[in-house]
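What follows is the residue order along each chain.
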Amino acid sequence: MTRSLTRHALIGLAAASISLLAPASASAQTIDTLRVASALEWPLFVTYAPGEPYFIYIVLKRGRIIRQDLRTGAQSVFIDLDPVIVNPTSVSDERGLLGLAFHRNYAANGYFWVYYVSNSATNVVARYQRSSPGVGNPASGQVLVNISDPFTNHNGGWISFRPDDTQGYLYFVDGDGGSANDPNQNGQNVNTLLGKMCRIDIDGPDNIPGTADDGGTFYTNPPTNPFFGATPGLDEIWAYGLRNPWRCSFDRLTGALYIGDVGQDSIEEHNFQSTSSAGGQNYGWRCYEGNNVTGLCGTLPTGVTFPFHTYTHALGISTTGGYVYRGCAIPAVYGQYFFADYGTARIWTYGGTSATANPTGPLTERTADVSPPIGGGSIASVASFGEDAFGEMYIIRHSTAAGEIFRIVPPGNAITDCNGNNVADCGEIALGLVNDCNANNLIDSCEIAANPALDCDGNQQIDSCEIAAEPALDCDGNNVLDVCQIAANPALDCNGNFQLDSCEIAANPALDCNANNRLDACEMCLGDADNDHDVDFSDITAELSAFGANYLPCLVGFGDGDKNGSVNFADITATLSQFGAPCP
């Protein structure tokens, strides 16, 4: 997080002078920040658990993890690991609980992994399991990796699964062991996990964590790791040459990897690893700081992967890696990589991100955009960024007792939130948590509330979507549900079978043998010679006017009171016998 404990006292002075410098490029305001949590003790990270889209998990350095409801802001302690974690002594103390990652099937199996500095001063990756929804079980801990660390700083701590993980490959990073200038030369030594990014298989061959094939230390090493087997180097290593990697991330869309690495005296850097990488990258430390030769190596390594972006201490002194924004609430910054400087609280975005090639820029400073936050607070000591299930991004302010979490939002927090649950509608739609059957980016229930006519049958489904899914519900093709037409005008369904008479006739013309657009069955009323559903003098008039007509085989001709296909005296008798009687 910070460069070193001895340098931390210089941050205030540096910030005062750096603030006078012009940014690399300015921007019209496209983002704002909204405070969503405050009064936190040393917060370091925010993430989410699969299957719990409306919650974020806040990692506190002293060992607690807080679970917060995005809809209400309500918080609860998910787990308290303080007994096994060294108690940090100050904001600048780089020890404590540093990272958290949830299994892709967390909703079913409850497994999660943490990275912390233990009471015995080792860097630990451990597995835990929840005991009930929203409650982690401290007694379930199993230590997977235990790395001896000679100094208190440069502990790394990021831990994550790739967004497309199906094999249980867990990534984590450790710093070079601390002090300054990597005195033990760990960065270039592939026989230590210090200064490395590692990849381990926590599922085993059966792709299920917690079973016997996970290995005696609760993980195995993927055979595709670059130093696996007979290749010299530790099997866990995925990449090396890192100094103090402070916050990495996978692009949740492409799977590309971003690594923020804190520099020594001059240069802060951000590295990139493509989606298709087979691992084995050497990021250069301690031979290189950024692109510059340090003079600390007698022979320079070949094939070094250099950073896609660096900045000098004229702009900041301790970088914080971030994320590529993949939320939906702020289209203006979609696909841009956010990062910050812990010492100066400056925030930038870097555009031109991709799955396979180094980002190309441009670099845009966002510091003025994010301050002051909506709802109060201060963007300072940016220890990390984070994401929720919707891809929306958070900024974490590190503080002894005044830590804060801010969501990056559109200017003025102008999100569409028709159901009033503090979550952008587009995010809920994207995850399928609400219905948007007509794909117009509006929640169906909100559309119906605003215009009830869209749901004429009151079943909380938009009529046009019902019709699109089942065209038979609109047999006459007028974009109105048949049941609604019938409810408004029952005469359209004379036989009461919940089908429009016109559609029944169109499907089977024999049902209307006299072609008067009425079902014959509804006209078969004894004595009703003029088929007007009344038995009165007009029927006798009809019988007399049509006397002698023959309608066979049709039985509902004009004047045919007894419905036998011909008009004669029997029809008049039938009408007189039913005179005044109602027709169904």
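Residues numbered from 1 in each chain as written. Predicted model: local features only at pLDDT ≥ 70, side-chain atom pairs only at ≥ 80, totals over all residues. Heavy atoms only, no water.

### Regarding the pairing of strand β9 (residues 135-148)
Right, on to step 1. Relative to β9, strand β8 (residues 122-132) is paired through 9 bridges, and the arrangement is antiparallel. Of the residues in β9, the one forming a bridge with threonine 122 is serine 148.
Right, on to step 2. Where β8 folds back onto β9 in an antiparallel hairpin, the turn is made up of 2 residues, including glycine 134, whose phi is positive at roughly 80°. (Pairing = 2+ DSSP bridges. Helix = DSSP H or I, 4+ residues; strand = E, 2+ residues; numbered from the N terminus.)

### Quick word on the pairing of strand β3 (residues 55-60)
Right, on to step 1. For β3, the buried fraction is high: 6 of the 6 residues fall into the buried class.
Right, on to step 2. Burial of the side chains of β3 extends over both faces: Phe55, Tyr57 and Val59 are buried on one face and Ile56, Ile58 and Leu60 on the other.
Right, on to step 3. Sheet topology note: the strand β2 (residues 43-47)/β3 ladder contains 4 bridges and is antiparallel. By the bridge assignment, valine 46 is partnered in β3 with isoleucine 58.
Right, on to step 4. In this structure, the hairpin formed by β3 and strand β4 (residues 64-69) is closed by a connection of 3 residues, where glycine 63 is found at a positive phi of approximately 125°. (Buried < 20%, exposed > 50% of the residue type's maximum accessible area, 1.4 Å probe, protein only.)

### A short note on the side chain of aspartate 251
Right, on to step 1. The topology assignment puts aspartate 251 in the loop between β14 (244-250) and β15 (257-262).
Right, on to step 2. Separated by 2.9 Å, the side chain of aspartate 251 and the backbone nitrogen of leucine 253 make a polar contact.
Right, on to step 3. Once you skip the residues sitting within four places of it in the chain, aspartate 251 turns out to touch Pro163, Ala256, Tyr258, Val324 and Arg326. (Polar contact = N/O pair within 3.5 Å; in protein donor to acceptor, adjacent residues only side chain to side chain. Contact = heavy atoms within 4.5 Å.)

### Here we look at helix α9 (residues 537-545)
Right, on to step 1. The set of residues buried in α9 consists of Asp539, Ile540, Ala542 and Glu543. When α9 is viewed along its axis, its buried side chains cluster within an angular range of 160° and face the same direction. Away from its buried face, by an angle of more than 90 degrees, α9 presents the exposed residues Phe537, Thr541, Leu544 and Ser545.
Right, on to step 2. At its buried positions, α9 is contacted by α10 (569-577). (Arc of directions from axis to C-beta.)

### Quick notes on the packing of aromatic side chains
Right, on to step 1. For the structure on display, the rule yields 27 aromatic pairs.
Right, on to step 2. Ring geometry for phenylalanine 78 and phenylalanine 102: centres 6.3 Å apart, planes at 55°, overall tilted. Pair noted here: phenylalanine 78 is in strand β5 (residues 75-80) and phenylalanine 102 is in strand β6 (residues 97-102), with a separation of 24 residues, a long-range link. Accessibility classification places phenylalanine 78 together with phenylalanine 102 in one group, the buried group.
Right, on to step 3. Taken together, a centroid distance of 5.9 Å and an interplanar angle of 90° make the contact between tyrosine 171 and tryptophan 238 edge-to-face. One end of the pair, tyrosine 171, is in strand β11 (residues 169-173); the other, tryptophan 238, is in strand β13 (residues 237-240), with 67 residues separating them in the sequence. The burial state of tyrosine 171 is the same as that of tryptophan 238; both residues are buried.
Right, on to step 4. An aromatic cluster of three or more residues is present, and its members are Tyr258, Phe272, Phe308, Tyr311, Tyr337, Phe339, Trp348 and Tyr350.
Right, on to step 5. Seen from the ring of tyrosine 334, arginine 326 lies directly overhead, with NZ or CZ sitting 5.0 Å from the centre. (Phe/Tyr/Trp six-rings, centres within 6.5 Å; stacked < 30°, edge-to-face > 60°. Lys NZ or Arg CZ within 6 Å of the ring centre and 35° of its normal.)

### Section: the confidence of the model for the protein chain
Right, on to step 1. The predicted model of the protein chain averages 92 in pLDDT, with 95% of residues at 70 or higher.
Right, on to step 2. Scored below 50 in pLDDT, residues 2-23 shows 44 contacts in the model against residues more than four places distant or in partner chains. (pLDDT = per-residue confidence, 0-100.)

### Focus on the sheet that holds strand β24 (residues 382-387)
Right, on to step 1. Taken in spatial order, the 4 strands make up an open sheet running β1-β26-β25-β24, and their pairing is antiparallel. The open sheet has two free edges, formed respectively by β1 (32-40) and β24, since each of these has just one partner strand. Going from strand to strand, the sheet's axes swing by 25° on average, the running direction of each strand aside. (Axes fitted to C-alpha atoms, helices over the stretch in contact; angles between N-to-C directions.)

### Observations concerning the state of the cysteines
Right, on to step 1. Taken as a whole and judged by the stated rule, the model has 8 disulfides.
Right, on to step 2. Across a sulfur-sulfur distance of 1.7 Å, cysteine 456 and cysteine 484 are joined as a disulfide pair. Across the disulfide from cysteine 456 to cysteine 484, rotation about the S-S bond amounts to roughly 85°, and the bridge is consequently right-handed. On the criterion of sequence distance, the pair formed by cysteine 456 in the loop between α4 (444-450) and α5 (463-469) and cysteine 484 in helix α6 (residues 482-488) is long-range, its members being 28 residues apart.
Right, on to step 3. Residue classification places cysteine 456 among the partly exposed positions, given a relative accessible area of 36%.
Right, on to step 4. Here cysteine 198 stays unpaired: no disulfide links it, and the sulfur of cysteine 248, its closest cysteine neighbor, is 11 Å away.
Right, on to step 5. Classification of cysteine 248 as buried rests on a relative accessible area of 2%. (Disulfide = S-S within 2.5 Å.)

### A closer look at the nonpolar core
Right, on to step 1. Counting residues in each nonpolar core, the largest one holds 37 residues, and the members touching the most others are Phe112, Val114, Phe338, Ile347 and Phe385.
Right, on to step 2. Core analysis: the next-biggest nonpolar cluster, separate from the first, contains 32 residues, Val91, Ala101, Leu144 and Tyr240 among them. (Core = buried A, V, L, I, M, F, W, Y, C linked by side-chain atoms within 4.5 Å.)

### Describing the environment of glycine 391
Right, on to step 1. As for its placement among the helices and strands, glycine 391 is situated in the loop between β24 and β25 (393-397).
Right, on to step 2. Judged by relative accessible area, glycine 391 falls into the buried class, the value being 0%.
Right, on to step 3. Measuring from C-alpha to C-alpha, the distance between glycine 391 and proline 53 comes to 10 Å, with 338 residues separating the pair along the chain.
Right, on to step 4. If near-sequence neighbours (up to four positions away) are discounted, glycine 391 is found in contact with Arg252, Tyr325, Arg326 and Gly327.

### Regarding the pattern of salt bridges
Right, on to step 1. Within the structure shown, the criterion is met by 14 salt bridges.
Right, on to step 2. When salt bridges that share partners are traced, they join Arg35, Arg397 and Glu404 into one network. (Salt bridge = Lys/Arg side-chain N within 4 Å of Asp/Glu carboxyl O.)

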